[in-house]
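Here's the letter readout for the chains.
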Amino acid sequence: MRRADDRHLAPDDEAWWRNAVFYQVYIRSFADANGDGVGDLEGVRGRLGYLELLGVDALWLTPFFRSPMVDHGYDVSDPRDVDPLFGDLETFDRLVADAHRHGLRVTIDLVPNHTSDRHEWFQAAVTAAPGGPERARYLFRDGRSFGGSQPPNNWTSVFGGPAWTRLPGADQWYLHLFAPEQPDLNWENPEVAADLERTLRFWLGRGVDGFRIDVAHGMAKPAGLPDMPHQVGVCPSLLERDGADPRFDADGVHDIHRMIRKVLDEYPARVAIGEIRVADDAAFARYVRPGELHLGFNFRLLEADFNADSVRAAIEHSLVAVQGSPAPATWTISNHDTVRPVTRYGGGEVGLARARAMALVQLALPGPAYLYNGDELGLPNVELPDWVLQDPVWKRSGHTERGRDGCRIPLPWESGTSPYGFSATPGTWLPMPGDWAGRTVEAQLEDPSSTLSLYRQALELRQRHTAFTGTEVEWYGAPPGCLAFRRRGGGLVCALNASGAPVSLPAGQVLLASGPLRPIGDPLPPDTAVWLKE
Ligand code: BGC
């Protein structure tokens, strides 16, 4: 395993992110230091040793800014302050300094598409008269039909229901692609860009190493806000591709990314990664052109089913989408918006075996990898009772979509009973299952067959073994239902058996397998991946 004294941040490593493993900390659920049942910045600081031991290179911290928490921080009322629920600016500064001492870079969320309805700008807009400068920071419009009683167009909110809400008193409507408490900003207004620039410089000045840009395919809206050609379902999944959807991917968004990049370029070794959900590879490619984003989240691998064709197609699309651009492909199979891999791939022992296999596929690929906290423990999604659900999706969908709470359960750290060292109170913000004693960090740390040990070994090998040096992927012949690729250069081979039956192992020295391999000349069991050195 990696030794603590090996870790250092090379200040001149401008493109440190090109092959980095990022760890997404969903702050509410990571570690609670003040005992209120909600994770916080001090909790993250207290667990930096764990993250170093795990072997990741950088953190992505989800929003910790001032917020009424309608969408758990993605509704920002002051983007340049820390919400008291999570700590304060001094704690944030200490966290960044300590993370750097542990050899971990710190990237944070940026939410430029919308603010909270409690943001002072929106508060001013609500009381101002139509047509004035206060309203011009958002997308206010008169309604259609008699007396403006119908929304200005037919757009739906990603969380369900109409994307417009009317102010009381037969007033104007305002646009919100997410919850009504998340009004969309008007990016045609130069004040909006100027304010984002202030926010960027504020956090860059405090030493952050980069940003994850929320809804990076949003922000700009097409002139005239034309109707959607077709209505999407009541509550489209956040993962649905947008296709010919006028709500997203308007051309003007690229000017915004060029503006952001220009600011970042003034600071050495910083990175911006965009959350990009667009129709196809060509649309994706436009976000990572020179002068725009350094990296883009491509969700193809996350969306792939556990079968060889689907996984291979996802990898190929992800590679094609960055071909000819300065950006490497990025790899992720999980985040706070989606069902956890263990559950997605079938649940139970099979789901866990597949999630472990897919982790090896993900981590074998060249380019940055994003891990979501708790996946290294093999956590499944949790079925929660109706009355504890908090995600706005539950309410907005008229209680037809349960939302994303099931993948956001607090992390189990130690001990045999809930809350497993996450907090001093058993009243955690979402309840923790009673049967997670075997899944805690403590229980897995010294068990060589645990999922945590698998991740640690994988990250160690990825960091140090020469097999991981090649940046190009070459496909290998594989039996039906399986896939195998080689990293040209270093000679790492990764083989995945999704066929349902044992298959023979490709030649080479086994570096790591996601499940038990019986000794010598033995086949690769189903639902297993292996790393070999040619
Ligand atoms: C974030 C979600 C959030 C939404 C609105 C996303 O894509 O990942 O968690 O609800 O943006 O800000």
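Scoring rules and cut-offs
Residues numbered from 1 in each chain as written. Predicted model: local features only at pLDDT ≥ 70, side-chain atom pairs only at ≥ 80, totals over all residues. Heavy atoms only, no water. Pairing = 2+ DSSP bridges. Helix = DSSP H or I, 4+ residues; strand = E, 2+ residues; numbered from the N terminus. Contact = heavy atoms within 4.5 Å. Axes fitted to C-alpha atoms, helices over the stretch in contact; angles between N-to-C directions. Phe/Tyr/Trp six-rings, centres within 6.5 Å; stacked < 30°, edge-to-face > 60°. Buried < 20%, exposed > 50% of the residue type's maximum accessible area, 1.4 Å probe, protein only. Lys NZ or Arg CZ within 6 Å of the ring centre and 35° of its normal. Expected span 1.5 Å × (residues − 1). Domains from an automatic or database assignment. Salt bridge = Lys/Arg side-chain N within 4 Å of Asp/Glu carboxyl O.

A. Structural context of the sheet that holds strand 12 (residues 331-332). Pairing is parallel across the open sheet formed by 8 strands, whose spatial order is 11-10-9-5-2-1-13-12. A strand with exactly one partner marks an edge of an open sheet, and here the two such strands are strand 11 (295-297) and strand 12. Along the sheet, helix 5 (residues 190-205) contacts strand 5 (105-110) and strand 9 (210-213); its crossing angle with strand 5, the most-contacted strand, is approximately 160°.

B. Expanded view of the packing of aromatic side chains. Per the counting criterion, the structure on display carries 23 aromatic pairs. For the pair phenylalanine 65 and tryptophan 203, a centre-to-centre distance of 5.6 Å together with 55° between the ring planes defines the contact as tilted. Placement of phenylalanine 65 in strand 3 (residues 65-66) and of tryptophan 203 in helix 5 is noted, with a sequence separation of 138 residues between them. Neither residue differs from the other here; phenylalanine 65 and tryptophan 203 are each classed as buried. Positioned over the ring face of phenylalanine 299 is arginine 277, at 4.0 Å from the centre of the ring. Geometry around tryptophan 394 places arginine 402 over its ring, the cationic atom sitting 5.1 Å from the centre.

C. The sheet that holds strand 6 (residues 140-141), seen in detail. Taken in spatial order, the 3 strands of this open sheet run 6-8-7, and their pairing is antiparallel. Each edge of the sheet is formed by a strand with only one pairing partner; in this case those strands are strand 6 and strand 7 (164-166). Note: strand 7 against strand 8 (residues 173-175), 3 bridges, orientation antiparallel. Note that in strand 8 the partner of arginine 166 across the bridge is tryptophan 173.

D. Quick look at helix 14 (residues 451-464). Look at helix 14: 20 Å from first C-alpha to last across 14 residues, which is about the 20 Å you get at 1.5 Å a residue. Taking burial as the measure, the 14 residues of helix 14 include 11 buried ones, the bulk of the element. Restricting attention to buried positions, one finds in helix 14 the residues Thr451, Leu452, Ser453, Leu454, Tyr455, Arg456, Ala458, Leu459, Glu460, Leu461 and Arg462.

E. Structural detail: the environment of leucine 511. Tracing the backbone shows leucine 511 in strand 17 (residues 509-513). Assessed through its relative accessible area of 16%, leucine 511 is described here as buried. Sequence separation between leucine 511 and alanine 458 is 53 residues; the distance between their C-alpha atoms is 9.1 Å. Those residues in contact with leucine 511 that sit more than four places away from it in its chain are Leu461, His465, Ala467, Phe468, Leu492, Trp531, Leu532 and Lys533.

F. Spatial organisation of the domain arrangement of the protein chain. The domain boundaries assigned to the protein chain delineate domain 1 (4-114 + 191-459), domain 2 (120-175) and domain 3 (473-533). For domain 2 and domain 3, the distance between their C-alpha centres works out to 56 Å.

G. Looking closely at the pattern of salt bridges. Under the counting rule described, the total for this entry stands at 37 salt bridges. Residues lysine 221 and aspartate 184 are paired through a salt bridge, measuring 2.9 Å at the closest nitrogen-oxygen approach. Of this pair, lysine 221 sits in the loop between strand 9 and helix 6 (253-264) while aspartate 184 sits in the loop between strand 8 and helix 5, and the two are 37 residues apart along the sequence. A single burial state applies to lysine 221 and to aspartate 184, both of which are buried. What emerges from the salt-bridge pattern is a single network uniting Glu42, Arg45, Arg94, Asp98 and Arg101.

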